[in-house]
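# Coordinate analysis (summary)
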Amino acid sequence: ADMTLSRICCIGAGYVGGPTCTIIADKCPDVTVTVTDLSQDRINQWNSDNLPIYEPGLDEIVRRRRNKNLFFSTDVKKAVIEAELIFICVNTPTKNYGLGKGRAADLKYVEAAARMIAEVANQSKIVVEKSTVPVKAAESISNILKANQRLGVQYQVLSNPEFLAEGTAVNDLLNPDRVLIGGEQTKEGREAVESLCWIYSHWVPRENIITMNTWSSELSKLAANAFLAQRISSINAMSAICEMTGADVTEVAHAVGTDTRIGNKFLKASVGFGGSCFQKDVLNMVYLCECLNLPEVAAYWQQVININEYQKRRFANRIIESLFNTVTNKKLAVFGFSFKKDTGDTRESAAIYVCKYLTDEGANLRIYDPKVTDKKIFSELTNPLMCEDPERVKELVTTYPDPYEAANGTHALVICTEWDQFTTLDYSKIYQKMLKPAFIFDGRLILDHEALMKIGFQVVTIGKKL
Ligand code: NAD
Ligand code: UGA
């Protein structure tokens, strides 16, 4: 059978759909790729010089392919009708209502996409679940499609989870450790898997494309994120011991990580992990375990989240204690608001929680981030799910376009994101304009603490007694 494809489309033009399809379009010049979204705003931005997401290296590739074989459109139905293969890349946030509230993944966008495909498709389609979903979601998608299929139209549903990380998405997509494809173990299923393999094999070596059954593939995505998040909670748990004992968490991480069975990556202690996925996916798995009547397994993974919450709270508490047990009316500069460097994404950023704990105590915050807009900072801090008094937050928080200005006249600096530019600021100059004693709280272990202490700073960091 012919495995080649000439038209594909993507539902959901977010952090995953946008970059993934851009790379596919770049690597498969003979395939027409249409990325769709319901949000006119997002699509307009993808079609402009100001892309809706900041991702190093992406702009150039979008510019090179856009309106050649890469299109961005709100006409989702038209794109679905024309495509032979459809990626579902919609968001799957944690449910904030009803059954499984606060834990289960909300699949309403995935289901809406599936129903829409079934409504308009007049030819057979391969439907690829790229969004991160609970195990067996592909089966639900398949049921919806098959219950509504028109005469002569057939569907194959594949699982093809995405492993890119924000800030490094282009490189992650160009050089993936592996591409994972799950499908039905039937002749038609295997053919569909082959078609998707054909797309990736334009640039990914065959041996790096792993195929397996659909459920293994779905679970592997949750497992990978859970293992990654668990490493961070493990090293952060060590950081608490270090602070009490005089051990240094960086040294411990180095010693542990040189064991090749453990490996040295992803062992950086921090103020806590953030991002749209780690917490969501671990909670998703916790919920799945509870539904499967596996309470011990659920409790095991829940602890990864508990330690992360503890770490964010612990860092804020140390700030308050160090500042003589009160931050009320004190001025604190917060450096970094995104959940990691090289992205403007703030979803579940540890900075949000640290800022909340500090404003709860009445601190005046002066926030600087190189990529996050004022609007986003305020919308995160006044989000009704965690803020009772938005007017008070607006009084207490100011954003600054420049780190030196933000630090001017403050009692303390709080580093929440590991942006490279924070390591090269002129801290002597900053020190001179701060109130004394001047404090630095390094939540990312990125600064030269010895040098800062020489300048005169009181330095407090994660996982080390200074
Ligand atoms: P996102 O919120 O940035 O993008 C999702 C987009 O889907 C939104 O623009 C939304 O408007 C659109 N959408 C929702 N319903 C739609 C519909 N019915 N028709 C058309 N468009 C619709 O989300 P994201 O960060 O790209 O994540 C998408 C999925 O990928 C999630 O399941 C996530 O867990 C997973 N994932 C994310 C990352 C990451 O780094 N962000 C990495 C791997 C996997
Ligand atoms: C993560 C995974 O790395 C991706 O493989 C996955 O595809 C993605 O989630 C997803 O499913 O959404 P992402 O959240 O974009 O990617 O970024 P990471 O680099 O994993 O960082 C997550 C958080 O952990 C950040 O807040 C980061 O600062 C923190 N972190 C990371 C640490 O505190 N220490 C570390 O050693 C590494």
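Residues numbered from 1 in each chain as written. Chains lettered and ligands numbered in written order. Predicted model: local features only at pLDDT ≥ 70, side-chain atom pairs only at ≥ 80, totals over all residues. Heavy atoms only, no water.

### Quick notes on the site of ligand 2
Taken together, the neighbourhood of ligand 2 is formed by 20 residues, with F163, L164, S270, C277 and R444 sitting nearest. In the environment of ligand 2, an oxygen atom lies 3.4 Å from a nitrogen or oxygen atom belonging to the backbone of L267. Between a nitrogen atom of ligand 2 and a main-chain N or O atom of K268, the distance comes to 2.8 Å. Notes on ligand 2: free accessible area 710 Å², of which the protein chains cover 89%. Counting residues per element, the shell around ligand 2 draws most heavily on helix α9 (residues 214-245), which supplies four residues. Tallied by class, residues from the shell around ligand 2 come to eleven nonpolar, three polar and six charged. (Near = heavy atom within 4 Å. Polar contact = N/O pair within 3.5 Å; in protein donor to acceptor, adjacent residues only side chain to side chain. Areas by Shrake-Rupley, 256 points an atom, 1.4 Å probe, with all protein chains shown as cover. Helix = DSSP H or I, 4+ residues; strand = E, 2+ residues; numbered from the N terminus. Nonpolar A, V, L, I, M, F, W, Y, C, P; charged D, E, K, R; others polar.)

### Here we look at the site of ligand 1
The full set close to ligand 1 counts 23 residues, and D37, R42, T92, E166 and K280 are the nearest of them. Within the contact set of ligand 1, an oxygen atom lies 2.9 Å away from a backbone nitrogen or oxygen of V16. A distance of 3.5 Å separates a nitrogen atom of ligand 1 from a polar atom in the backbone of L38. Relative to its free-state accessible area of 830 Å², ligand 1 is covered by the protein chains to the extent of 90%. Partitioned by chemical class, the residues of the shell around ligand 1 number nine nonpolar, seven polar and seven charged.

### Side note on the confidence of the model for the chain
Summary statistics for the chain give a mean pLDDT of 97 and a share of 100% for residues scoring 70 or more. As a predicted assembly, this complex carries a pTM of 0.96 together with an ipTM value of 0.98. (pLDDT = per-residue confidence, 0-100.)

### A closer look at the environment of W198
Take W198: it is sitting in helix α8 (residues 187-200). In this structure, the C-alpha to C-alpha distance between W198 and N171, residues 27 residues apart in sequence, is 20 Å. When neighbours within four sequence positions are excluded, W198 is seen to be in contact with M3, T4, L5, V31 and R206. (Contact = heavy atoms within 4.5 Å.)

### What to know about the UniProt feature "active site" (unreviewed entry) in the chain
Sites flagged by UniProt as "active site" (unreviewed entry) map to C277. Within the fold, C277 resides in the loop between α10 (249-257) and α11 (278-291). C277 sits in the partly exposed class, given a relative accessible area of 28%. (UniProt positions renumbered as here; feature names shortened; annotations may be inferred. Buried < 20%, exposed > 50% of the residue type's maximum accessible area, 1.4 Å probe, protein only.)

### Things to note about the pattern of salt bridges
Summed over the entire model, instances satisfying the criterion amount to 24 salt bridges. Across the pair E162 and K130 runs a salt bridge whose closest N-O atoms are separated by 3.0 Å. One end of the pair, E162, is in the loop between β6 (155-159) and α7 (169-174); the other, K130, is in the loop between β5 (125-129) and α6 (137-147), and 32 residues separate them in sequence. Across this residue pair, the class does not change: E162 and K130 are buried. Close ionic contact of D248 with K464 constitutes a salt bridge, the shortest N to O distance being 3.5 Å. Placement of D248 in the loop between α9 and α10 and of K464 in the segment after β14 (458-461) is noted, with a sequence separation of 216 residues between them. (Salt bridge = Lys/Arg side-chain N within 4 Å of Asp/Glu carboxyl O.)

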